[in-house]
Amino acid sequence: MKKVVKDATEAIRGITDDMTLMLGGFGLCGIPENCISALVASDVKGLTCISNNAGVDDFGLGLLLKKHQIRKMISSYVGENAEFERQLLSGELEVELIPQGTLAERCRAGGAGIPAFFVPAGFGTEVAEGKEVREFNGKMHLLEKSLVADFAIVKAWKGDVYGNLIYRHTANNFNQAMAMAGKITIAEVEELVPAGSLDPDQIHTPGIFVQRIFQAEGLEKRIEFITTRS
Amino acid sequence: MALDKNGIARRIAQELKDGFYVNLGIGIPTLVANYIPEGMEVILQSENGLLGIGPFPVKGEEDPDLINAGKQTITYTKGAAFFDSSMSFAMIRGGHIDLTVLGAFEVSEKGDISSWKIPGKMVKGMGGAMDLVASAKNIIVAMNHTDPKGNSKLLKKCTLPLTGVGCVKRIVTDIAVVDVTSKGFKLIERAPGVSIEEIKSKTAGNLIIEGEIPEMQF
């Protein structure tokens, strides 16, 4: 079993135009920085990116947006990304906005082999358009379909050579659900360790979900809003 | 006198009860955390994956792996728990959150809320707001009574794309506390020194006024 690859460039091999990608992270927290840089350098285009946000104008997925490598975004939140909002309003970018919990569950369900499920979020709103509505326990629910991606790209704190992953603090966010839902899942990790170095009781993502893993280099881990006690 | 955003947050903090698990939205709702009464234990949930939000960090101790749903650096309390997004929304969707406080562009007298999009002008996205309003047991909206142009934000019917229908229970604004009832808005309290006439004139939806309307107490 060989899951360890040299770097991001090797990890994203096989990602071609018009593919669907999932990218973990919330804002700039827990995003796969190395892989995003490699995608920017690769000039791959026409991508559908499933990611809660789209980075900021000059970091994270914002870099791919700026180079118009993304055809469609599937996200829950645009705010604070001027270029994302501009491309959305001008129609240059196709955008599907979905409630955050529904997005997370659609990824998790995709990885778990559940094709669709009912949730109350979005009933009576434009999110419900075209979706089957059904009442359960006196409350209206929408039928939501699960999501899978050609490649899921996640960022973890620690990972071992078998692809077992541990996330840190709120940098877990969408990474855990998305790691399950890639036909190929790439994990970039802050610390790649030998088998047996991680406590099996503490694993968030069991290695079965991960096909490629590499030691990240030069992570900036930029903070979007530094807020301190006054 | 109308309240500022800290005043609104302070009034909302009076709705908290010991042992509550609470989700605070971005903006004014976040400020509620500053006014949790002494000795009361309230656990704050952040939908990006934390139960037990602590104060903002001291300068130099910001951690890029530790942010709130507004993407600000935070700390975590003793006894906190981290988890992934699908687990986070299992808590929300499963009805385990006692109180949700969020901002809004508009609220209707039926309890509908608009908060995520102004067609052609601005799209913020719904983030977790649609999940929260569809499932929270109790939803309080924190907002100003009117928009910057003076138009009422408490309407007969929302004009902007909806975030949820029939879900808002209470609205705390800069001038009033208003409940959503089956007959429309009901005035509960007024901000200190604000007249009933002023609240009436700034409320476009049907406003029920019954008996003496007390001033908010701080």
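Residue and element names in this part refer to chain A. Non-glycine residue Asp18 carries a positive phi angle of around 70 degrees. In this structure, Asn173 takes a positive phi of about 35 degrees despite not being glycine. Turning to its location among the elements, Asn173 is positioned in the loop between β9 (165-166) and α6 (175-180).

Attention now moves to the sheet that holds strand β15 (residues 207-208) of chain B. Residue and element names in this part refer to chain B. Pairing within the open sheet is mixed, and its 10 strands lie in the order β4-β3-β2-β1-β5-β10-β12-β13-β14-β15. Of all the strands in the sheet, the pair left with one neighbour each is β4 (76-82) and β15. One ladder, built from three bridges, connects strand β10 (residues 139-142) with strand β12 (residues 170-172); its direction is parallel. Counterpart to Val141 in the pairing with β12 is Ile171. Sheet strands in contact with helix α1 (residues 5-13) are β5 (99-102), β10, β12, β13 (176-181) and β14 (184-190), and its direction is about 145 degrees off that of β12.

The next thing to look at is helix α5 (residues 100-112) of chain A. All names here are of chain A. With 13 residues, α5 should cover 18 Å at 1.5 Å per step; its first-to-last C-alpha distance of 18 Å lies within 8% of that length. All of the buried residues along α5 are Gln100, Gly101, Thr102, Leu103, Ala104, Glu105, Arg106, Cys107, Ala109 and Gly110. Gly113 sits one or two positions beyond α5 and adopts a positive phi of about 75 degrees.

What follows is about the pattern of salt bridges. Across all of its chains, the model carries 32 salt bridges over all chains by this definition. One salt bridge connects Glu92(A) with Arg86(A), and the closest N-O pair in it is separated by 2.8 Å. Owing to a relative accessible area of 38%, Arg86(A) belongs among the partly exposed residues under this scheme. We note a salt bridge from Glu210(B) to Lys186(B), for which the minimum N-O separation is 3.5 Å. You can see Glu210(B) sitting in the segment after β15 and its partner Lys186(B) sitting in strand β14, a full 24 residues away along the chain. Since its relative accessible area comes to 52%, Glu210(B) is described here as exposed. Connected through shared salt-bridge partners, Arg71(A), Lys72(A), Glu94(A), Glu96(A), Arg106(A), Lys131(A) and Glu144(A) make up one network.

Fine structural detail should not be taken from predicted coordinates in areas where pLDDT scores are low. For chain B, the average pLDDT comes to 96, and 100% of its residues sit at 70 or higher. Interface scoring of the predicted complex returns ipTM 0.96; its pTM is 0.96.

The rules behind the values
Residues numbered from 1 in each chain as written. Chains lettered and ligands numbered in written order. Predicted model: local features only at pLDDT ≥ 70, side-chain atom pairs only at ≥ 80, totals over all residues. Heavy atoms only, no water. Helix = DSSP H or I, 4+ residues; strand = E, 2+ residues; numbered from the N terminus. Pairing = 2+ DSSP bridges. Contact = heavy atoms within 4.5 Å. Axes fitted to C-alpha atoms, helices over the stretch in contact; angles between N-to-C directions. Expected span 1.5 Å × (residues − 1). Buried < 20%, exposed > 50% of the residue type's maximum accessible area, 1.4 Å probe, protein only. Salt bridge = Lys/Arg side-chain N within 4 Å of Asp/Glu carboxyl O. pLDDT = per-residue confidence, 0-100.

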